[in-house]
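If you want the building blocks of each chain, they are given just below.
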Amino acid sequence: MGPCQTQLIPPEEAAVSKPELSQASGRGTGGTPPKPAYERIADEYARQIHNGSLHPGSALPSQSEMAERYGVSEIVIREAIRLLKSRGLVRTVPRRGSFVAEQLPDNHGALPQEPVGEIERIRATPDPILRARLATELSTQYQIRLAELSSIRQAAIEDAYTAGLTATEIAQHLGLTKSRISQIRHPKV
C-alpha cells in the first residue's frame, strides 16, 4: 500500500456507525447528553490510531469518503479532523489529505478532557500563537455545540406546537417574558 492509499475499516468493524451518529437528540450513558458527531468520529479514529489499526504515516480516508461512511456532512468531518489535529494525532497536507502523525503524543490514547480542564490547559500554554490557535479551535467546537443545542431546542418547540401549545404557552414554560416571545420561531408548515 503506497503512502497516499487509504486503509478503510469496514463499517461493520467500526465502533461508530451511521445509526449511532444520528442519535443527536438521544441521551448518552449515565444521563449525559451524547457527544456531537464530529467528536464521536474523532474518538473512533483516535481509537484506531491507538490500537494500531491506523499506523503512523498512513492516510485517512478522504473527507467525502468519511462523510459518506458516517452519513454526515463534510463540515462535520472537517471538525473531526481539526479535533484530531489538535490532539496531535493527524497532520494534513494541502491537496493530498490527512495522515496519521509520524510522532504521536505520549497521551495519544487519551480521550478529550472536560471543557474546564481544556480551557485551563489552553490558558497555561506558553506560546501565545499556539494559545490563540487552541482557543480558536475550542471556540469553534463550542459554536458547533451551540448550533446543535439550538436545533434541539427548535425541534422541541415544534413538538410543543404539534402537541397543541401556543407560542405564549411555550414562552411561559421556557420562562420568557412577553417581549421575548418573538424568540419562539413558528414551525414551517
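Here, every reference points to the structure presented above.
Worth saying up front: this structure is predicted, and the values here are computed from it rather than measured.

Procedures and definitions
- Residues numbered from 1 in each chain as written.
- Predicted model: local features only at pLDDT ≥ 70, side-chain atom pairs only at ≥ 80, totals over all residues.
- Heavy atoms only, no water.
- Helix = DSSP H or I, 4+ residues; strand = E, 2+ residues; numbered from the N terminus.
- Buried < 20%, exposed > 50% of the residue type's maximum accessible area, 1.4 Å probe, protein only.
- Contact = heavy atoms within 4.5 Å.
- Areas by Shrake-Rupley, 256 points an atom, 1.4 Å probe, with all protein chains shown as cover.
- Axes fitted to C-alpha atoms, helices over the stretch in contact; angles between N-to-C directions.
- Parallel < 35°, antiparallel > 145°, perpendicular 65-115°, else oblique.
- Salt bridge = Lys/Arg side-chain N within 4 Å of Asp/Glu carboxyl O.
- Core = buried A, V, L, I, M, F, W, Y, C linked by side-chain atoms within 4.5 Å.
- Pairing = 2+ DSSP bridges.

Caption draft 1: Expanded view of the overall build of the chain. From N to C terminus, the chain includes seven helices and two strands. The proportion of buried residues among the 189 residues of the chain is 31%. When contacts within the chain are restricted to residue pairs at least 6 apart in sequence, those whose partners lie at least 24 apart make up 57%. Accessible surface, the chain: about 11,900 Å² in total, of which carbon and sulfur atoms supply 55%.

Caption draft 2: Focus on the packing of helix α2 (residues 37-50) against helix α3 (residues 63-70). α3 packs onto α2 with a crossing angle of 110° between their chain directions and a minimal axis gap of 12 Å. Compared by their axis directions, α2 and α3 come out roughly perpendicular. Between α2 and α3, the residues in contact are I41, E44, Y45 and Q48 and M66, R69 and Y70, respectively.

Caption draft 3: Structural detail: the pattern of salt bridges. Tallying each qualifying case throughout the model produces five salt bridges. When the shortest N-O distance is used, the salt bridge between R47 and E44 registers 3.9 Å. Highlighted residues: R47 and E44, both in helix α2, separated by three residues, approximately one helical turn. R47 sits in the partly exposed class, given a relative accessible area of 37%. Taking relative accessible area as the criterion, E44 reaches 4% and is therefore assigned buried.

Caption draft 4: Broad picture of the nonpolar core. If you look at the biggest cluster of nonpolar residues, it comprises 21 residues, and the most contacted ones within it are I41, Y45, L60, I77, L84 and V90. Of the residues forming this core, the biggest block, seven residues, is contributed by α2. Look past the residues within four positions of L84 in its chain and what remains in contact with it is A42, Y45, A46, L60, L89 and V90. I157, A160, A167 and I170 belong to the second-largest nonpolar core, a separate cluster that totals five residues.

Caption draft 5: Looking closely at the pairing of strand β2 (residues 97-100). Inspection of the sheet shows strand β1 (residues 90-93) paired to β2 by four bridges, in the antiparallel sense. If you follow V90 over to β2, its bridge partner there is V100.

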